[in-house]
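Below, each chain spelled out in residue letters.
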Amino acid sequence: MIQRPLDLDAVQGFVHIADLGSFTHAAEAMQTTQAAVSLKLKRLEQRLGCRLVERTPRHVQLSALGADFLPHARELLQAHERALALAVSTRQRLTIGISDHVAGPELPALIARMNAQDPQLLIDIRIASSGPLLQGFDRREYDTVIVRTHAGRDDGELLAEEPFGWFAAPGWQHRAGEPLPLATLAEPCGVRAMAGQLLDTARMPWTEVFVGGGVAAVSAAVMAGLG
């Protein structure tokens, strides 16, 4: 047989009656009426099948069973308060992995929009290469990842198409007869592999002159005129 849970408001009313010795004062503490407190106590006594409070015209006192129930009532309310405190203190966390190629100037606006939608949300954003991010997603380390399309994966949603190109600092000149100097990301990097394949197909000699740990580092090397 499944028993109905106790009404926490009724238990709180009983504890107030025990502590304050008055239905009137208990009603004031609960910001309700004396009649409402009396009804809550009556329903609690019916639920427990015993009288908890002995009422006389002059004073209120606990019955023997009421005195036995009081410490259990306090423990129940304290457990409820601890559960509420835990729920309040535990912030929802959203872990997002973003490819270094994708994390551009739009990232601050994205973070601001997420924060505006839920200021209590704990935002955890990690920037890395697409391959490691997908591996982490498969291990459930991320709630979602934004990466470049990978061959053999069809479990994602296409967000945008990304243009590719060759970039150099203004005024940069390739010296004829020398391998094309490239500034690239460290392996594994899909863009690096693609660039190497295109140059090999075009039979254009090339060499790495800078390897960066992120797009910002590679961009700095390019703007510095290295490649």
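Worth saying up front: this structure is predicted, and the values here are computed from it rather than measured.

J.: Please clarify how the packing of helix α1 (residues 8-20) against helix α3 (residues 34-48) should be interpreted in this entry.
T.: Helix packing for two helices is described by the angle between their axes and how far apart those axes are. Contact geometry of α1 with α3 gives a least axis separation of 9 Å together with a crossing angle of 110°. Here α1 is positioned roughly perpendicular relative to α3, judged by the angle of their axes. Residues Asp9, Ala10, Val11, Phe14 and Ile17 of α1 pack against Val37, Lys40, Leu41 and Leu44 of α3. Looking at the contact of α1 with α3 residue by residue, the class counts come to seven nonpolar, no polar and two charged.

J.: Sorry, what's going on with the sheet that holds strand β3 (residues 93-99) here?
T.: One open sheet accounts for three strands, arranged β4-β3-β5; its pairing is parallel. Looking at which strands have only one partner, the edges of the open sheet turn out to be β4 (122-128) and β5 (144-146). Shown here is a sheet whose adjacent strand axes are inclined to one another by a mean of 20°, direction ignored. By the bridge criterion, three bridges tie β3 to β5 in an arrangement that is parallel. By the bridge assignment for β5, Ile98 is matched with Ile146. The sheet contacts of helix α5 (residues 107-117) involve β3 and β4, and relative to β4 the element is tilted by about 160°. Taken strand by strand, helix α6 (residues 130-138) contacts β3, β4 and β5, and its axis lies near 165° from that of β5.

Criteria and cut-off values
- Residues take numbers from 1 onward in each chain, read along the sequence in its written order.
- Totals for whole chains, interfaces and linings use every residue, but because this is a predicted model, local features are given only for residues with pLDDT of at least 70 and side-chain atom pairs only at 80 or more, for both listing and counting.
- Side-chain figures throughout are based on the complete set of non-hydrogen atoms in the structure, without hydrogens or water.
- Angular values range over 0 to 180 degrees, each being the angle between N-to-C directions of two axes fitted as lines to C-alpha atoms, with helices fitted over their stretch in contact.
- Only runs of H or I of at least four residues qualify as helices and only runs of E of at least two qualify as strands under DSSP, and these elements are numbered from the N terminus.
- Working definition: roughly parallel below 35 degrees, roughly antiparallel above 145 degrees, roughly perpendicular at 65 to 115 degrees, and oblique for all remaining angles.
- Pairs of residues are marked as contacts when any of their non-hydrogen atoms sit within 4.5 Å.
- The nonpolar class holds Ala, Val, Leu, Ile, Met, Phe, Trp, Tyr, Cys and Pro. Asp, Glu, Lys and Arg form the charged class, and all remaining residues, Gly among them, are polar.
- By definition, two strands form a pair when at least two bridges between them are found by DSSP.

Any functional reading would require information beyond the geometric quantities listed.
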